[in-house]
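# Residue-level structure breakdown
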Amino acid sequence: MDFESLCVHGSGKKYDHTGAISVPIFQSATFAHPGVGESTGYDYSRTQNPTREYLEHTLAALEGGTDALAFSTGMAAVTTLMELFAPGDHLIVSDDLYGGTHRLFFQLSVKKGIKFTLAGDPSLMEAAITPATKAIFLETPTNPMMQVTDIAKVARLAAARGLRLIVDNTFLTPYFQRPLSLGADVVLHSGTKYLGGHNDTLAGFLVVKEPELAARLRFLANTMGTCLAPFDSWLILRGLKTLAARLTWQQKTAATIAAWLLTRPEVAAVRYPGLKSHPDYAISCRQTSGFGAMISFEIRDEALARQVLGRVKLIQFAESLGGVESLITYPTLQTHADIPAAEREAKGINGRLLRLSVGLEAAADLIADLTQALARR
Ligand SMILES: *Cc1c(COP(=O)(O)O)cnc(C)c1O
């Protein structure tokens, strides 16, 4: 089945005989057993719940994995994933990371004796490998600097050195990028973003190829209790139905806005993977089928950047991304505030940087809103 059809119909498993078109929300904590030593296949909803299972099978199919696990948030997914590692293990991670992931790695995982090296370029990643290295963790494109990494190249490196490759695919979703097909072992998602798509619930996912790794992650998720609730599973299933349609439209609008921003004298730089001026444009063309709808841009002066945040009307000044409502974020004070100031500044995450998540509004309305917000008064 093609991607669009899979989004609408999901894994197709039937759980009842009413003919319900929408998958039922099995709002039950526990399931009765037919007899001693027997099970309907469901025992307790922390372990598995039919609504969550339907969502997991759907996401596994969309990413081209053998299994997927749904978590209460993207951070719950990363937290569970980190239990794969033991004291002394070393990970190489993208040098531009979502702030919450950075906080988890450098404030919590380090307390368990796990070590990290930040690296951007694949050659720097290769140079950072030590006998203790167990995995490479990539975000591509990165949040918020929109750096793109050649997944296949890093996958070859990881395979040659016996390392696991984990890719955070939140920004592009399987509609535009399928890391497992490029050699990754694990795909991570904040389902809160494009997969849910409506800024109304939180979720996270891990999608894997190897059945043994899936079994290990299922053990961890069940033990840690990081699972997604039935109603939230249903909300993400509902969001997934329109994933392809939303992203097609959002990407088209984002390309229009990125081109418009380039013409503005107040704007010093525009970071959007679909611009020919993006340093990794060629890699994006090779490994993705689209450029997404996230744009980071730098205003010439900080006072004007702050003015934009205070003056936007249609665009909401809020954290998060990927929903139908356009949101603008100030990474330096919001999503990336916990990253040490020197490290943040060195990456270009400064007081002039704004991050725009382009929603489903008309491009002309979004441009009119940005125009009035940028006007010096
Ligand atoms: C939001 C986000 C996360 C964390 O997900 P939550 O659902 O907010 O816990 C992880 N990675 C990226 C790239 C994100 O944007």
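### What about unusual backbone geometry?
Omega for the bond connecting Thr 140 with Pro 141 falls within 30 degrees of zero, at -5 degrees, which places this linkage in the cis form. The linkage connecting Asn 143 with the following residue, Pro 144, adopts the cis geometry, with an omega of 10 degrees. By the secondary structure assignment, Pro 144 is in the loop between β4 (133-139) and α6 (151-160). One non-glycine residue, Met 146, lies in the positive phi region at around 60 degrees. Among the structural elements, Met 146 can be located in the loop between β4 and α6.

### Focus on the nonpolar core
With 64 residues, the main nonpolar core has Ile 257, Ile 295, Phe 297, Ile 328 and Leu 354 as its most contacted residues. A total of 8 residues in this core trace back to one element, the largest contributor, which is helix α10 (residues 243-262). Each of domain 1 (3-240) and domain 2 (243-374) accounts for three or more of the residues forming this core. Setting aside its immediate chain neighbours within four residues, Ile 257 contacts Ile 295, Leu 356, Val 358, Leu 366, Ile 367 and Leu 370. In this structure, Met 82, Leu 97, Phe 116 and Ala 135 belong to the second largest nonpolar core, which totals 27 residues.

### Some details on the domain arrangement of the protein chain
Here the protein chain is partitioned into domain 1 (3-240) and domain 2 (243-374). Relative placement of domain 1 and domain 2: their C-alpha centres are 25 Å apart. Of the roughly 3400 Å² buried between domain 1 and domain 2, counting both surfaces, carbon and sulfur atoms make up 58%. Looking at the side of domain 1 facing domain 2, the largest losses of area belong to Met 145, Phe 176 and Tyr 194, adding up to 24% of the total buried there. Applying the counting criterion to the domain 1 and domain 2 interface returns 3 salt bridges.

### Quick look at helix α2 (residues 50-63)
The terminal C-alpha atoms of α2 lie 20 Å apart, and with 14 residues this matches the ideal 20 Å at 1.5 Å per residue to within 8%. Of the residues making up α2, those classed as buried are Pro 50, Thr 51, Arg 52, Glu 53, Tyr 54, Leu 55, Glu 56, Thr 58, Leu 59, Ala 60, Leu 62 and Glu 63. Note on α2: the residue one or two positions beyond its end, Gly 64, has a positive phi of about 75 degrees.

### Let's talk about the side chain of Ser 357
By the element assignment, Ser 357 lies in strand β12 (residues 353-357). Of the polar contacts made by the side chain of Ser 357, one reaches the backbone nitrogen of Gly 322; its length is 2.9 Å. Not counting chain neighbours up to four residues away, the residues in contact with Ser 357 comprise Tyr 194, Ala 293, Met 294, Leu 321, Gly 322, Gly 323, Glu 325, Ser 326 and Leu 327.

### Structural notes on the pairing of strand β1 (residues 67-71)
Here is the key point about a regular strand: its side chains alternate between the two faces of the sheet. Across the 5 residues that make up β1, a large majority, 5, are buried. Bridging between β1 and strand β7 (residues 204-208) involves 5 bridges; their strand directions are antiparallel. By the bridge assignment, Leu 69 is partnered in β7 with Leu 206.

### Some thoughts on the pairing of strand β5 (residues 164-168)
Burial runs high along β5: 4 of the 5 residues are buried. In the sheet, β4 pairs with β5 via 5 bridges, with the strands oriented parallel. In the sheet register, Ala 135 faces β5, and the bridge partner there is Arg 164. Both β5 and strand β6 (residues 186-190) contribute to a ladder of 3 bridges, which runs parallel. Along β6, the bridge assignment pairs Asp 168 with Leu 188.

### Comments concerning the packing of helix α12 (residues 302-311) against helix α14 (residues 363-374)
The packing of two helices is summarised by the inter-axis angle and the distance between the axes. Two numbers describe how α12 lies on α14: the axes approach to 8 Å, and their chain directions differ by 130 degrees. Between α12 and α14, the crossing angle belongs to the class labelled oblique. The handedness of the crossing between α12 and α14 comes out as right-handed. Between α12 and α14, the residues in contact are Leu 304, Gln 307, Val 308 and Arg 311 and Gln 372, Ala 373 and Leu 374, respectively. Among the residues making up the contact of α12 with α14, the classes are represented as 4 nonpolar, 2 polar and 1 charged.

### Overview of the site of the ligand
Taken together, the neighbourhood of the ligand is formed by Thr 73, Gly 74, Met 75, Tyr 98, Asn 143, Asp 168, Thr 170, Ser 190, Thr 192, Lys 193, Ala 203 and Leu 321. Contact distances for the ligand include 2.9 Å between an oxygen atom and a backbone N or O atom of Gly 74. For the ligand, the accessible surface in isolation is 380 Å², of which the surrounding protein chains cover 93%.

### Focus: the sheet that holds β7
Pairing is mixed in the open sheet, where 7 strands are placed in the order β1-β7-β6-β5-β4-β2-β3. Both outer strands of the open sheet, β1 and β3 (115-119), are each paired with one neighbouring strand and no more. Across this sheet, the average inter-strand angle for adjacent strands is 20 degrees, counted without regard to direction. As judged from the 4 bridges shared by strand β2 (residues 90-94) and β4, these two strands associate in the parallel manner. From the neighbouring strand, His 90 faces β4, where its bridge partner is Thr 133. Set on the sheet, helix α4 (residues 99-108) makes contact with β2, β3 and β4; between it and β3 the angle comes to about 140 degrees.

### Observations concerning the packing of α2 against helix α9 (residues 230-240)
Interaxial distance between α2 and α9 falls to 8 Å at its minimum, and their mutual angle equals 35 degrees. When the axes of α2 and α9 are compared, the crossing they make is left-handed. Mapping the contact onto sequence places Thr 51, Arg 52, Tyr 54, Leu 55, Thr 58, Leu 59 and Leu 62 in α2 and Pro 230, Ser 233, Trp 234, Ile 236, Leu 237 and Leu 240 in α9. Here the residues of the contact of α2 with α9 are counted per class, giving 9 nonpolar, 3 polar and 1 charged.

Rules and cut-offs
- Residues numbered from 1 in each chain as written.
- Predicted model: local features only at pLDDT ≥ 70, side-chain atom pairs only at ≥ 80, totals over all residues.
- Heavy atoms only, no water.
- Helix = DSSP H or I, 4+ residues; strand = E, 2+ residues; numbered from the N terminus.
- Core = buried A, V, L, I, M, F, W, Y, C linked by side-chain atoms within 4.5 Å.
- Buried < 20%, exposed > 50% of the residue type's maximum accessible area, 1.4 Å probe, protein only.
- Domains from an automatic or database assignment.
- Contact = heavy atoms within 4.5 Å.
- Buried area = accessible area lost by both parts, 1.4 Å probe.
- Salt bridge = Lys/Arg side-chain N within 4 Å of Asp/Glu carboxyl O.
- Expected span 1.5 Å × (residues − 1).
- Polar contact = N/O pair within 3.5 Å; in protein donor to acceptor, adjacent residues only side chain to side chain.
- Pairing = 2+ DSSP bridges.
- Axes fitted to C-alpha atoms, helices over the stretch in contact; angles between N-to-C directions.
- Parallel < 35°, antiparallel > 145°, perpendicular 65-115°, else oblique.
- Left-handed = near helix turned anticlockwise from the far one by under 90°.
- Nonpolar A, V, L, I, M, F, W, Y, C, P; charged D, E, K, R; others polar.
- Near = heavy atom within 4 Å.
- Areas by Shrake-Rupley, 256 points an atom, 1.4 Å probe, with all protein chains shown as cover.

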